[in-house]
Amino acid sequence: MNKRWVGMIGISSALLLAGCGDSGEASGDDKKEVRVGFGVGTYEQQFKEGILPILEEKGYKVDTTTFSQNMQLNPAMQEGSIDASIFQSTAYMEGINDELGMDMTGIAFVPSAPQGLYSVNHQSLDEVQDGSTVGLPNDPVNQERAVRILEELGWVTVSDDAGVTDFNLNAVENADYDLDLKVLDPAQILVSLQDIDFGVVNGNYIANAPDRKITDALKIENTPEQHRIVVTIEEENADTEWAKDLKEAYESEEFQEYIESNEQYDGFILTEEWTQ
């Protein structure tokens with residue numbers, strides 16, 4: 001894993017450094033230019049339609065970058081190509097802090113899409129049997145989440161010492177059924193449902209699919225707080241005005257109205273500030 005990260009840091013450096021601004025300017029407390037990075041998925045749409053207008057009204061110029069692979073974002077923040085990212089959970093962020101020696105922090109929860117167990121070949125969980133194929137995400141954090149869904153169903157058991165950021169399938173044993181667990185790229189599980197019996201899909205991919213809803217899942221996870229998406233910045237920027245304004249925008253009534261008026265986000269986990 002370390003070698004992969006080193007490689008990604010080098011690749012992202014070559015691709016992104018040419019386009020980034022002065023790093024000294026990027027750390028200013030009162031700056032009005034902010035660079036935000038996203039993975040492929042619904043969180044960029046949330047930002048552009050619900051958050052960006054709020055920030056622009058406050059005088060900010062916001063540059064957004066979409067990365068084709070989530071693993072590119074944190075190295076990009078480490079090298080100063082982006083100021084904030086919106087794609088990862090607290091658990092994933094803490095694992096990368098350890099992996100890359102970073103000091104990232106989450107400043108606000110984002111309306112988050114829960115994982116769910118989906119199928120196009122079966123209408124019910126009762127159709128599972130020995131030999132059924134189940135697609136799981138290949139990154140440790142999302143894989144651990146996915147396996148917990150199967151554990152709750154009684155399909156597998158998970159060892160007590162299984163980690164989160166270092167999770168792997170060695171901690172998993174079949175229980176009620178002899179399942180064939182298929183490890184796939186998270187973005188590929190949805191489009192691979194025709195070829196497998198069941199698949200655990202990250203909710204943001206479901207939210208972006210024109211013919212899918214989160215509520216279509218045969219089983220939806222009870223998402224722990226550590227797996228909810230957060231707005232991530234470097235700890236050293238936590239007290240800057242732009243970070244405070246970014247946090248305020250995500251907790252604002254204007255953003256709440258945008259989320260609750262858009263049926264695409266039905267089933268998302270909402271910010272506590274809106275429910276108190």
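Residues numbered from 1 in each chain as written. Predicted model: local features only at pLDDT ≥ 70, side-chain atom pairs only at ≥ 80, totals over all residues. Heavy atoms only, no water.

As recorded in an unreviewed UniProt entry, the protein goes by the name Methionine ABC transporter substrate-binding protein, listed as coming from Planococcus plakortidis. On record in UniProt, under Subcellular location (unreviewed entry), the comment for the protein is "Membrane". Listed under Sequence similarities (unreviewed entry) in UniProt, the entry text for the protein is "Belongs to the NlpA lipoprotein family." (UniProt positions renumbered as here; feature names shortened; annotations may be inferred.)

The next point concerns the packing of helix H3 (residues 42-57) against helix H9 (residues 241-250). One can describe the packing of H3 onto H9 by two numbers: an axis separation of 9 Å at closest approach and a directional angle of 130°. Taken together, the axis directions place H3 and H9 in an arrangement best described as oblique. Crossing hand, H3 versus H9: right-handed. Touching Phe47, Ile51, Ile54 and Leu55 of H3 are Asp245, Leu246, Ala249 and Tyr250, all from H9. The class makeup of the residues in the contact of H3 with H9 is seven nonpolar, no polar and one charged. (Axes fitted to C-alpha atoms, helices over the stretch in contact; angles between N-to-C directions. Helix = DSSP H or I, 4+ residues; strand = E, 2+ residues; numbered from the N terminus. Parallel < 35°, antiparallel > 145°, perpendicular 65-115°, else oblique. Left-handed = near helix turned anticlockwise from the far one by under 90°. Contact = heavy atoms within 4.5 Å. Nonpolar A, V, L, I, M, F, W, Y, C, P; charged D, E, K, R; others polar.)

With that settled, consider the packing of aromatic side chains. Enumeration over the complete set of coordinates arrives at nine aromatic pairs. Pairing Tyr265 with Phe268 gives two aromatic rings, centres 5.2 Å apart and planes at 80°, and the pair type is edge-to-face. For the residue pair Tyr265 and Phe268, the accessibility class agrees, reading buried in each case. Grouping aromatic residues by their ring pairs yields a cluster made of Tyr250, Phe255, Tyr258, Tyr265, Phe268 and Trp274. Positioned above the aromatic ring of Trp242 is the side chain of Lys31, whose terminal nitrogen or guanidinium carbon lies 5.1 Å from the ring centre. (Phe/Tyr/Trp six-rings, centres within 6.5 Å; stacked < 30°, edge-to-face > 60°. Buried < 20%, exposed > 50% of the residue type's maximum accessible area, 1.4 Å probe, protein only. Lys NZ or Arg CZ within 6 Å of the ring centre and 35° of its normal.)

A few words on a negative patch on the surface. Together, Glu57, Glu253, Glu254, Glu257 and Glu260 give the surface a local cluster of negative charge. Broken down by element, the negative patch gets its largest block of residues, four residues, from helix H10 (residues 253-260). Looking at where Glu254 falls in the secondary structure, it is placed in helix H10. Note on Glu254: relative accessible area 48%, which makes it partly exposed. (Patch = residues over 30% accessible without salt bridge, like charges linked within 9 Å, V, L, I, M, F, W, Y side chains within 5 Å. Areas by Shrake-Rupley, 256 points an atom, 1.4 Å probe, with all protein chains shown as cover. Salt bridge = Lys/Arg side-chain N within 4 Å of Asp/Glu carboxyl O. Lys, Arg positive; Asp, Glu negative; His and termini not counted. Charge placed at Lys NZ, Arg CZ, Asp CG, Glu CD.)

For the rest of this paragraph, the subject is the pattern of salt bridges. Evaluation of the coordinates by the stated rule reveals 11 salt bridges. When the shortest N-O distance is used, the salt bridge between Lys219 and Glu152 registers 3.0 Å. Pair noted here: Lys219 is in strand S11 (residues 219-220) and Glu152 is in helix H6 (residues 140-153), with a separation of 67 residues, a long-range link. Of the charged contacts in the structure, one is a salt bridge between Lys182 and Asp180, with a shortest N-O distance of 3.2 Å.

Empty space within the largest pocket amounts to approximately 850 Å³. Considering the residues around the largest pocket, the lining is formed by 43 residues, among which Asn70, Tyr92, Asp139, Asn142 and Pro186 are closest to the centre. When residues of the lining of the largest pocket are traced back to their parent elements, those giving at least two are helix H1 (2-16), H3, strand S3 (84-89), helix H5 (90-100), H6, helix H7 (186-189) and helix H8 (203-208). Here the residues of the lining of the largest pocket sort into 18 nonpolar, 17 polar and eight charged. (1 Å grid on protein atoms, 1.4 Å probe; cavity = no way out; pocket = protein on both sides within 12 Å on 5 of 7 lines; lining within 4 Å. Points joined across faces, edges and corners; volume = space filled by probe spheres on them.)

Attention now goes to H6. With 14 residues, H6 should reach 20 Å at 1.5 Å per residue; the first-to-last C-alpha distance of 20 Å fits that figure. Buried within H6 are the following residues: Val141, Asn142, Gln143, Glu144, Arg145, Ala146, Val147, Ile149 and Leu150. Gly154 lies just past H6 and shows a positive phi near 85°. (Expected span 1.5 Å × (residues − 1).)

The next point concerns the sheet that holds S3. In spatial order, the strands read S2-S1-S3-S12-S4; together these five strands make up an open sheet with mixed pairing. In the strand order of this sheet, the two ends are held by strand S2 (61-66) and strand S4 (104-109), each with one partner. Mean inter-strand twist for the sheet, computed between neighbouring axes without regard to direction, equals 35°. Of the pairings in the sheet, the one linking S4 to strand S12 (residues 229-234) comprises five bridges and is antiparallel in character. Across the sheet, residue Thr105 finds its bridge partner in S12, namely Ile233. Together, S3, S4 and S12 form the strand contacts of H5, whose direction differs from that of S3 by roughly 110°. (Pairing = 2+ DSSP bridges.)

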